[in-house]
Structure formats: C-alpha cells, structure tokens
Amino acid sequence: MVSRGASDAARAHARAGRPLTAFVLSGGGNQGVAQVGMLRGLAERGIVPDVVIGTSAGALNGASLCYAPNLTGIARLANVWMGLTTASVFPGGKISRAWNVVRRGTHLFSNEGLVRLIDEATPARSFADLQVPLRVIAADLDTGDEVVLVRGPLKQALLASAGLPGVFPVIEHDGRRLVDGGVVNSVPLWHAISGPVDRVYVLNVSGSITDRPQRSPLDVVMTSFVHARNQRYELERRHVPPGVELIELPRPRDTRDIFDFSGGEALIEEAYQLTLAALAAHDRGDLPSSRRRHHLPFRRARPVKA
C-alpha cells in the first residue's frame, strides 16, 4: 500500500539524497520490550523512520515512536514497559480468568489494562497526531482478512491489533470484528517493501516465543502460531525487490512466559547492545543485508479507515 504521504516523502528524500527508511515492528506480546532497546540503538545512530509498520505489541511501540521519534520519546516508552506487571496488563487474575471460561465468555480478560498501557505509551489520540506515518495491522475474525489501519482514532486501532483472540475482547470497527494482527501477519514486511523505500529495518521479536518452554496450553498455541507466521515472513523476505536493503536486527533470548513482565530493563539493555553491535558490523560489511532481485505479486490487504 502506497500513501500520498509516503510518495511525498520519497520525493523529498530523493532530492536530499537520503535513503527512504521503513521500520517493521513485529508482534510478540511481552517480548515487545526488546524493541525498545533496538529503537534506542537506531536512534543513537541517527537512523529514523519515514514510515513504521507494526503488529500487536509492535504497533503499540510504533505508535509511541511515531508520536515522538527521538531518544526522549523512546526513554518514555522504556519507562512504560519497565513499569508493567501481570496484574496491570491482565486484570482480574486467575479467578476472573476461570470464571470467564465457566461462563463461556469470548475472552479471558478485559482490555482495561491495554487501554491504560496505550494511554501511557503515547498521548496521540489520532493517526493525524503522529509525526511519522504509521500502519497498524489487524485481522478480521470473520473473514481472516488482513486489515491495515492508517487513519482515524488511534486507540481503537491499537486495541484491535493487540487483541489476542480469546484473551482480550474482539474490537468492533467499521462493520468488522477485529483481533490481533499477529493472527495473519506478525512481521508485516510486505507493507514496507510494497511502497517507495530504500531500506527496511526489521525488529522481529516474535520468533523468540519459540525460545520459552511450554508451561501452559496458551504457550503451546502461541508457539504453533509463530511457526506458521514465520513461514510467511521467510517467503516475503526472499522476494524483497531489487535495490531495497533489508537489515534484520538480532533479538535477545527471552524465556519468560506470556504473563511475565519482569526483567524488562535487562532485556532492553541487551537488545540495545545487540543492536549497536549489529549496526557496527553492518557498517563494516560483516552483517549481510538482503538485496533481492525477484518480487512475487502477493495480495495486498485492503486499507481501512480507523
């Protein structure tokens, strides 16, 4: 999907001789904390995006970055992640969760915790409040379609993109029932390479879900989903258009379960150090980037007004 804003940015960068840059931020739940360290490393090197595409936790991080694309904004986001607890994101605890199962509800938790998290992560209330264009990925629960949210109220878009089905409520929007974008596209690379772009930085933490032991039925489900979604990403990355540079940043190993938000500061620091090392290696030519010659005609998702 190519927007007018992206085209204008492409022309401006062509005149300035600067590469048009996209950031792709994957989903990954609590493991999205590592993206904060990655963003800090990129910002310190003066690498800023012209467009951000995010899924689930990556959409939340992307919204915060797009509102304040600088080290101050990233520091604010770090403080938000480091202050998270299981109870703040998943309110109600085990008793509430068991009751929702017994009463045959559609979700285990309310999204009140997500609402507070979004409010803390960014003051933006609309896509129009953002300094950098943002693309938020969600999934249509009824059709399985991938939905790209690009304008309108921001909070509803983020709630949909992070609404893990069965865990959080389905979001009703524009005649659709929307859930977590990670169901269909956890690493939304295609939306970066289908627009005018010279280089793409991929901040993929979703694969780290397979690092952790399966302690619960939900862990088993999440791991299975990751295997399926990673196949799509691997296919898309093999068909990056010629002239587009793909830089994939390394992620720290994270074995916490899905409800565990402890240790965020250490994971941010580790991701930051890994990013600095990777960027230095890339500058030396030691970290291979991907430049591909072939491009398959994937079906594009229909953009939807948020």
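Residues numbered from 1 in each chain as written. Predicted model: local features only at pLDDT ≥ 70, side-chain atom pairs only at ≥ 80, totals over all residues. Heavy atoms only, no water.

A word on the overall build of the chain
For the chain, the helix and strand inventory stands at 11 helices and nine strands. In the chain, which comprises 306 residues, the share counted as buried stands at 53%. Residue pairs in contact within the chain that sit at least 24 positions apart in sequence constitute 79% of those at least 6 positions apart. Within the structure as shown, the chain displays about 13,300 Å² of accessible surface, and the carbon and sulfur contribution to it stands at 53%. (Helix = DSSP H or I, 4+ residues; strand = E, 2+ residues; numbered from the N terminus. Buried < 20%, exposed > 50% of the residue type's maximum accessible area, 1.4 Å probe, protein only. Contact = heavy atoms within 4.5 Å. Areas by Shrake-Rupley, 256 points an atom, 1.4 Å probe, with all protein chains shown as cover.)

Describing the packing of aromatic side chains
By the definition in use, this model includes six aromatic pairs. With a centroid separation of 6.2 Å and an interplanar angle of 45°, the aromatic rings of F90 and F261 are classed as tilted. Here F90 is found in the loop between α5 (86-89) and α6 (93-102), whereas its partner F261 is found in the loop between β8 (245-248) and α11 (264-284), with 171 residues between them in sequence. On the basis of relative accessibility, which here comes to 7%, the residue F90 falls in the buried class. Among the residues examined, F261 registers a relative accessible area of 10% and is labelled buried. An aromatic cluster of at least three residues, connected via ring pairs, comprises F90, F109, F168, F259 and F261. (Phe/Tyr/Trp six-rings, centres within 6.5 Å; stacked < 30°, edge-to-face > 60°.)

Describing the packing of helix α4 (residues 71-82) against helix α7 (residues 112-121)
In helix packing, the relevant descriptors are the interaxial angle and the interaxial distance, both defined with respect to the helix axes. At a minimum axis separation of 9 Å, α4 and α7 run at an interaxial angle of 155°. By the angle between their axes, α4 is roughly antiparallel relative to α7. Handedness of the crossing formed by α4 with α7: right-handed. The residues of α7 that touch α4, namely those facing R76, L77 and V80, are L117, D119, E120 and A121. Class assignment of the residues belonging to the contact of α4 with α7 gives a composition of four nonpolar, no polar and three charged. (Axes fitted to C-alpha atoms, helices over the stretch in contact; angles between N-to-C directions. Parallel < 35°, antiparallel > 145°, perpendicular 65-115°, else oblique. Left-handed = near helix turned anticlockwise from the far one by under 90°. Nonpolar A, V, L, I, M, F, W, Y, C, P; charged D, E, K, R; others polar.)

Remarks on the pattern of salt bridges
With the rule as written, the count across this model stands at 12 salt bridges. Between R232 and E236 there is a salt bridge, with the nearest N and O atoms lying 2.7 Å from each other. Taken together, the positions of R232 and E236, both in helix α10 (residues 217-237) and four residues apart, correspond to about one turn of that helix. For R232, a relative accessible area of 26% gives the class partly exposed. Accessibility expressed as a relative area gives 0% for E236, which makes it buried. The partner of E248 in a salt bridge is R237, with the nearest N and O atoms 2.7 Å apart. Placement of the pair is E248 in strand β8 and R237 in helix α10, with a sequence separation of 11 residues. (Salt bridge = Lys/Arg side-chain N within 4 Å of Asp/Glu carboxyl O.)

Some words on the nonpolar core
Grouped together as the largest cluster of nonpolar side chains are 62 residues, with contacts concentrated most on F23 and L134. Apart from the residues within four sequence positions on either side, F23 is in contact with L39, L42, I47, V48, P49, V51, V52, I53, L65 and Y201. Grouped together as the second largest cluster of nonpolar side chains are 19 residues, V24, V51, V187 and I193 included. (Core = buried A, V, L, I, M, F, W, Y, C linked by side-chain atoms within 4.5 Å.)

Some thoughts on the pairing of strand β6 (residues 176-180)
Along β6, four of the five residues are buried, which leaves the element largely enclosed by surrounding structure. Of the strand pairs in this sheet, strand β3 (residues 134-140) and β6 are connected by three bridges, and their pairing is antiparallel. Of the residues in β6, the one forming a bridge with A139 is V179. When strand β5 (residues 171-173) meets β6, the two strands line up antiparallel, connected through three bridges. Bridged to H173 within β6 is R176. Once β5 ends, the chain turns through two residues before running back antiparallel as β6, passing D174 with a positive phi of about 55°. (Pairing = 2+ DSSP bridges.)

What to know about the packing of helix α3 (residues 57-67) against α4
Between α3 and α4, the least distance of the axes is 9 Å, while the angle of their chain directions is 140°. One element, α3, and the other, α4, form an angle in the oblique class. Within the contact between the two elements, α3 uses A57, N61, S64 and L65 and α4 uses G73, I74, L77 and W81. Partitioning the contact of α3 with α4 into residue classes produces five nonpolar, three polar and no charged.

Considering helix α2 (residues 33-44)
The end-to-end C-alpha distance of α2, which contains 12 residues, comes to 18 Å, matching closely the 16 Å that a straight helix rising 1.5 Å per residue would cover. Of all 12 residues that make up α2, nine are buried, and the element is covered over most of its length. The set of residues buried in α2 consists of V33, A34, Q35, V36, G37, M38, L39, G41 and L42. Contacts made by the buried residues of α2 are with β1 (21-25), α3, α4, β7 (199-203) and α11. Within two residues after α2, G46 carries a phi angle of roughly 75°, on the positive side. (Expected span 1.5 Å × (residues − 1).)

Quick word on helix α8 (residues 154-161)
Among the eight residues that make up α8, six are buried, leaving the element largely enclosed by the rest of the structure. Taken residue by residue, α8 has L154, A157, L158, L159, A160 and S161 as its buried positions.

Nothing here speaks to function; it is all geometry.
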